[in-house]
Amino acid sequence: SEFICDKNGVVVSSEFDTVDGCVRIPVEKKVEKEIVITIKNENIKADVDILMCRYLRKMRGFKVDGFARLHLPPGKSACVCIAANSLCLPTGDSHRIRARVTCHGVGTFIVPLCLHLQLQGKDFHIVRSLKAVCSNALVRDLLPTIPYEKPAYKVNTIPSTSIEDGLLPPRSGSSKLQPEVPLPQFPMTNDLQHLLNSGLKQTKAISLLEAPMSMKQYAKRFSLLLHIEEHQMQLDIRRYDMEGVTMQVFKEDKKLLCLDVPGVAEKRPSVLPHDHLFVCPLTQNGVRDRTEYKGYVHRVLNERVALGFGKKLMAIFLPNMKFAVRFVVNRYPLRMQHRAVQLAVEHNCMPWLFPTPGSIGMHPLVSDISSLKLKLYDRKLEANKQQFQAVQHIVAGTARPGPYLVFGPPGTGKSVTLVEAMKQVLGVYRDAHLLVCAPSNSAADLLAERLLPHVDKRSILRLNAPSRIAMSIPETIKDCSNYIHGEGVYFPSKEDLLDYRVIVSTLITAGRIASANFPSGHFTHVFIDECGQAQETEGVVALAGILDNHLVNPSGGHLILAGDPRQLGPVLRSPAAKDYGLDNSLLERLMDDTEVYSPENAHCFTKLLKNYRSHPAILKLPSQLFYNDELEPCADLVLRNSLCNWEGLPKKNFPIVFHGVIGEDMREDRSPSFFNPQEVVVVVESVDNLLNAKGFRVKQKDIGVISPYRKQVMKIRSVFKKKKWDDIKVGSTEEFQGQERLVIIISTVRSCTDFLNVDFTFSLGFLSHPKRFNVAVTRAKALLIMIGNPNILSQDIHWRRCNKYSYFCCFFFKNLFENFN
Ligand SMILES: Nc1ncnc2c1ncn2[C@@H]1O[C@H](COP(=O)(O)OP(=O)(O)OP(=O)(O)O)[C@@H](O)[C@H]1O
Ligand SMILES: [Mg+2]
């Protein structure tokens, strides 16, 4: 503040808005703008000398000149003007200097301009920061259509006296898969509710959670943890309730009503097709009706849901009618997990959940793995001893009755090893039936895609949940999915399912198979990929009541887990549930608790360290940060070097670009999600450069764009759609787990510190989320482009290392190098 204030009667002004010494200059990309800065001597007593005018930071495109009587000494850059003889500014006189600014990219560029002055032989300074805010037509197009307005709902909690049922989505009753094993409600007891309301104190519950884990208290312990998590979910969901909102008739289906739910795209709140919520009509004075109407979710659109209500509400509905809305936690996945931990005890899942050094490997199917004489479908795995052996051991069942674990950092071939083992098992054991699972739809889709090339597509079923939005099923696997074009997802009968040799589903959907009570011994193998992403109770859903142990099924009972605990893990709401280990995956617990799981014991464990995905420069940082520098770069030379000479690289042979952009993180309308128009522009420019780079032949399907905020993903998708770039995958880090692309572009979005606590609460963004950072940067094979505000990102230890790393390796920061603090 000392430098920015006018002093000694000297007043510095310009034609642009100046706040706190910062002159805000709107500029158009690549168009030079002149700023006239007037220095006026209002000191009535003395003349003032101007000695020098200089930028305090070097920035490409910022120049200053126009000193009528000052001149630049030979060889001096135009960003510093030094008076050979000082310029005298007599009392009352003004002098004008001209700064010229040209910005080569969109965003904000700030450079302080310092005037060095003298009054009666005493030096003083006045500083103005020139803040060029550079825009273009696309940035303006992307600006909020409707200004952001935080929804302020006053929610009245008077309970209703009656509930009217709603209209179920079509097909929801048409599942042919009969649930033979009941799925109870698993309600929270009043005592537990009281206990949780008053905070878990020294109680029996605490003793249970603090006791060492064992099969005896397995179900009790996990049920308690699930209830603790649910208690927090029930509290958290209340913040989304709304009051005084209207609905409209859904244009595509007049039987439905449409409700705006601004955060739905980011699961704030989470609302899926087939879920329900309650609405309650309000009188003109805001008084509630005593009846609540249940609305079933038929469609989830970007930020709206289409709801089916019963006839009573539809009969009284008017477009300007006001409602209170109450959201409901979807308890279905929780109930599945409660039941799974109970079934785990009933069906004696001990060999998989608590293997001991003595039990692992007691019942192999083939003791000499070399006798198998396997011919791999993916011949390249033969060159990697660990992968080849892992396939052999899985086929031979050498870990039986214990689980076989494949552990390894990103891109080390865990998924391809698992998929190869599945194919071999199908070939070797003619009566094998496989259940193949992953925590997320995208990871399960990837497994199905990779299985297809060598397995008859009629023998694989990608079993999707009824709540899956049909549009999100990739075209490549639609033919082998429980999906009928134009009708959506359906559920086949148990008899039909028995015919498939491989069923691929998410862990929670596997619970429907447990409900169907398949004949004992039907599933011989359960494979779980990305196991580190799921909490143990989810993993157990795909196991308990599905896989019979070796005593029941002498040739079956194989459990194979693959994953990496350093990549994305489960997201929990309750700190207590986290503290007591509900966010631990089965894979991680087994590795921590069972010393047998170490690389010396190849019969039950494989650790893969050769990375076949990424260029060594891309790999180095995650290897250092998360894997003790153990990763070996082994990716195909031609592929990984294929963009090393791309003209967009600041340094050849170092295929990482950190594109510093000081953009603005914005919101629009009532959506809580963020976007950053300037970063969208840089993403689009980068894609444009790549697709048109001569001699590189980069195709749309080679590019992936990752952003942690739903709104940014939506904005990027909308621009790509207009450009017909339909084959470029744009999504969240979660959607990219397990995936890879030749080029990955990451848009980090955050450009101010104000919302970092919001990010933390809702587990959003990249900052303070090392696992998300790790997954995002390890998806690229040949080129990684990171876009973000280095000043913000440098507040996070991993990004700071990342910035430093790129900085030292390539003198990067296209455009913005000097702005990095
Ligand atoms: N032995 C090998 N030789 C050559 N390429 C391989 C080998 N093993 C795997 N790959 C290739 O490496 C890439 C990464 O493999 P994969 O996706 O299975 O890794 P991952 O460990 O599952 O990674 P993530 O942790 O990201 O899920 C794939 O393109 C795969 O084809
Ligand atoms: Mg994988």
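Residues numbered from 1 in each chain as written. Chains lettered and ligands numbered in written order. Predicted model: local features only at pLDDT ≥ 70, side-chain atom pairs only at ≥ 80, totals over all residues. Heavy atoms only, no water.

1. Digging into the pattern of salt bridges
Here comes step 1: Taken as a whole and assessed by the stated rule, the structure comprises 36 salt bridges.
Here comes step 2: A salt bridge links Lys-715 to Glu-668; its shortest N-O distance comes to 3.2 Å. Of the two residues, Lys-715 sits in helix H20 (residues 710-722) while Glu-668 sits in the loop between strand E30 (656-660) and helix H19 (677-691), which places them 47 residues apart along the sequence.
Here comes step 3: A relative accessible area of 11% means that Lys-715 is categorised as buried. (Salt bridge = Lys/Arg side-chain N within 4 Å of Asp/Glu carboxyl O. Helix = DSSP H or I, 4+ residues; strand = E, 2+ residues; numbered from the N terminus. Buried < 20%, exposed > 50% of the residue type's maximum accessible area, 1.4 Å probe, protein only.)

2. Topic: the packing of aromatic side chains
Here comes step 1: Throughout the structure, instances matching the rule amount to 11 aromatic pairs.
Here comes step 2: Ring geometry for Tyr-218 versus Phe-222: centroids 5.0 Å apart, planes at 70°, classification edge-to-face. Taken as a pair, Tyr-218 and Phe-222 lie in helix H4 (residues 218-237) at a separation of 4 residues, close to a single helical turn. For the residue pair Tyr-218 and Phe-222, the accessibility class agrees, reading buried in each case.
Here comes step 3: When the centroid spacing of 6.4 Å and the interplanar angle of 65° are considered together, the rings of Phe-626 and Tyr-627 count as edge-to-face. (Phe/Tyr/Trp six-rings, centres within 6.5 Å; stacked < 30°, edge-to-face > 60°.)

3. Let's talk about the packing of H4 against helix H6 (residues 332-346)
Here comes step 1: Running from amino to carboxyl end, H4 crosses H6 at an angle of 170°, the nearest separation of the two axes being 8 Å. Judged on the interaxial angle alone, H6 and H4 are roughly antiparallel. Along the contact surface, H4 presents Tyr-218, Ala-219, Phe-222, Ser-223, Leu-226, His-227, Glu-230 and Met-233, while H6 presents Leu-334, Gln-337, His-338, Val-341, Gln-342, Ala-344 and Val-345.
Here comes step 2: A class-by-class count of the residues in the contact of H4 with H6 yields 9 nonpolar, 5 polar and 1 charged. (Axes fitted to C-alpha atoms, helices over the stretch in contact; angles between N-to-C directions. Parallel < 35°, antiparallel > 145°, perpendicular 65-115°, else oblique. Contact = heavy atoms within 4.5 Å. Nonpolar A, V, L, I, M, F, W, Y, C, P; charged D, E, K, R; others polar.)

4. Re the sheet that holds strand E19 (residues 404-407)
The pairing of strands in a sheet happens through backbone hydrogen bonds and is either parallel or antiparallel.
Here comes step 1: Strand order in this open sheet of 7 strands is E21-E24-E20-E25-E26-E19-E27, and the pairing throughout is parallel. Edge positions in the sheet fall to strand E21 (460-462) and strand E27 (605-607), since each has one partner strand and no second. Averaged over all neighbouring strand pairs, the angle between strand axes comes to 15°, with direction disregarded.
Here comes step 2: Sheet analysis places E19 next to E27, joined by 3 bridges and oriented parallel. Opposite Val-406, over in E27, you have Thr-606 as the bridge partner.
Here comes step 3: Packed on one face of the sheet, helix H8 (residues 385-396) meets E19, strand E25 (525-528), strand E26 (558-563) and E27 and runs near 160° to E19.
Here comes step 4: Across the sheet, helix H9 (residues 414-428) is in contact with E19, strand E20 (434-438), strand E24 (502-506), E25 and E26; its angle to E25 comes to roughly 165°. (Pairing = 2+ DSSP bridges.)

5. Concerning the UniProt feature "domain: DNA2/NAM7 helicase helicase" (unreviewed entry) in the protein
Here comes step 1: With numbering aligned to this structure, UniProt lists the feature "domain: DNA2/NAM7 helicase helicase" (unreviewed entry) at residues 383-473 and 497-574.
Here comes step 2: Helix makes up 23% of residues 497-574 and strand 19%. Its end C-alpha atoms lie 37 Å apart. (UniProt positions renumbered as here; feature names shortened; annotations may be inferred.)

6. Digging into the environment of Asp-260
Here comes step 1: Turning to its location among the elements, Asp-260 is positioned in strand E14 (residues 256-260).
Here comes step 2: A residue is classified by how much of its surface remains accessible, and Asp-260, at 30% relative accessible area, is partly exposed.
Here comes step 3: Sequence separation between Asp-260 and Ala-444 is 184 residues; the distance between their C-alpha atoms is 31 Å.
Here comes step 4: With near-sequence residues (within four places) excluded, Asp-260 lies in contact with Met-242, Glu-303, Arg-304 and Arg-670.

7. Thoughts on the domain arrangement of the protein
Here comes step 1: By domain assignment, the protein separates into domain 1 (10-135), domain 2 (162-326), domain 3 (332-608) and domain 4 (616-819).
Here comes step 2: Centre-to-centre, using C-alpha coordinates, domain 3 lies 31 Å away from domain 4.
Here comes step 3: Counting residues at the interface gives 17 residues for domain 3 and 19 residues for domain 4.
Here comes step 4: Between domain 3 and domain 4, roughly 1,600 Å² of surface is buried when both sides are summed, and carbon and sulfur atoms account for 51% of that area.
Here comes step 5: Contact with domain 4 buries surface across domain 3, with Pro-410, Arg-566 and Leu-568 losing the most and accounting together for 37% of the total.
Here comes step 6: Our enumeration of links across domain 3 and domain 4 arrives at 1 salt bridge.
Here comes step 7: In this structure, Glu-630 and Lys-607 form a salt bridge, with 3.2 Å as the shortest nitrogen-oxygen distance.
Here comes step 8: Taken together, the links from domain 3 to domain 4 amount to 10 residue pairs in polar contact (both at pLDDT 80 or more).
Here comes step 9: In terms of residues, the side of domain 3 that touches domain 4 owes the most to one element, helix H10 (residues 441-451), which gives 3 residues.
Here comes step 10: Broken down by class, the residue content of the side of domain 3 that touches domain 4 amounts to 6 nonpolar, 5 polar and 6 charged. (Domains from an automatic or database assignment. Buried area = accessible area lost by both parts, 1.4 Å probe. Polar contact = N/O pair within 3.5 Å; in protein donor to acceptor, adjacent residues only side chain to side chain.)

8. Remarks on the confidence of the model for the protein
Here comes step 1: On average, residues of the protein carry a pLDDT of 89, and 93% of them reach 70 or more.
Here comes step 2: Counting interchain partners and residues more than four positions distant, the pLDDT-below-50 stretch residues 66-78 has 24 contacts.
Here comes step 3: Low confidence marks residues 809-821, where pLDDT is under 50. Its contacts with residues over four positions away, or in another chain, come to 54 contacts. (pLDDT = per-residue confidence, 0-100.)

9. Quick look at the site of ligand 1
Here comes step 1: Near ligand 1 there are 20 residues, and of these Gln-387, Lys-414, Gln-567, Glu-740 and Arg-779 occur at the shortest range.
Here comes step 2: Measuring from an oxygen atom of ligand 1, one finds a side-chain N or O atom of Glu-740 at 2.4 Å.
Here comes step 3: Residue Arg-779 places a side-chain N or O atom 2.7 Å away from an oxygen atom belonging to ligand 1.
Here comes step 4: For ligand 1, whose unbound accessible area comes to 640 Å², protein coverage reaches 90%.
Here comes step 5: With 3 residues, H9 is the single largest residue contributor to the shell around ligand 1.
Here comes step 6: Grouping the constituent residues of the shell around ligand 1 by class yields 5 nonpolar, 8 polar and 7 charged. (Near = heavy atom within 4 Å. Areas by Shrake-Rupley, 256 points an atom, 1.4 Å probe, with all protein chains shown as cover.)

10. Here we look at the side chain of Ser-686
Here comes step 1: Its place among the elements puts Ser-686 in helix H19.
Here comes step 2: Its relative accessible area of 7% is what places Ser-686 among the buried residues.
Here comes step 3: Non-local contacts of Ser-686, meaning those with residues more than four positions away in its chain, are made with Trp-646, Ile-745 and Ile-785.

11. Topic: the pairing of E19
Here comes step 1: Neither face of E19 is exposed, since Tyr-404 and Val-406 on one face and Leu-405 and Phe-407 on the opposite face are all buried.
Here comes step 2: Two elements, E19 and E26, share 4 bridges in a ladder whose sense is parallel. Paired with Phe-407 across the strands is Gly-563, a residue of E26.

12. Description of the pairing of strand E18 (residues 323-326)
Here comes step 1: When strand E12 (residues 242-245) meets E18, the two strands line up antiparallel, connected through 3 bridges. Bridge assignment links Glu-243 to a residue of E18, and that residue is Ala-324.
Here comes step 2: Strand direction decides the pairing type here: strand E15 (residues 276-281) and E18, joined by 4 bridges, are antiparallel. Looking at the pairing, Phe-278 lines up with Arg-326 of E18.

13. Let's talk about helix H16 (residues 586-593)
Here comes step 1: Turning to H16, its buried residues are Leu-586, Leu-587, Arg-589 and Leu-590. Considered in projection along H16, the buried side chains sweep an arc of 165° and stay on one side of the axis.
Here comes step 2: Considering only its buried residues, H16 is in contact with H4, helix H7 (350-353), E19, helix H14 (536-541) and E26. (Arc of directions from axis to C-beta.)

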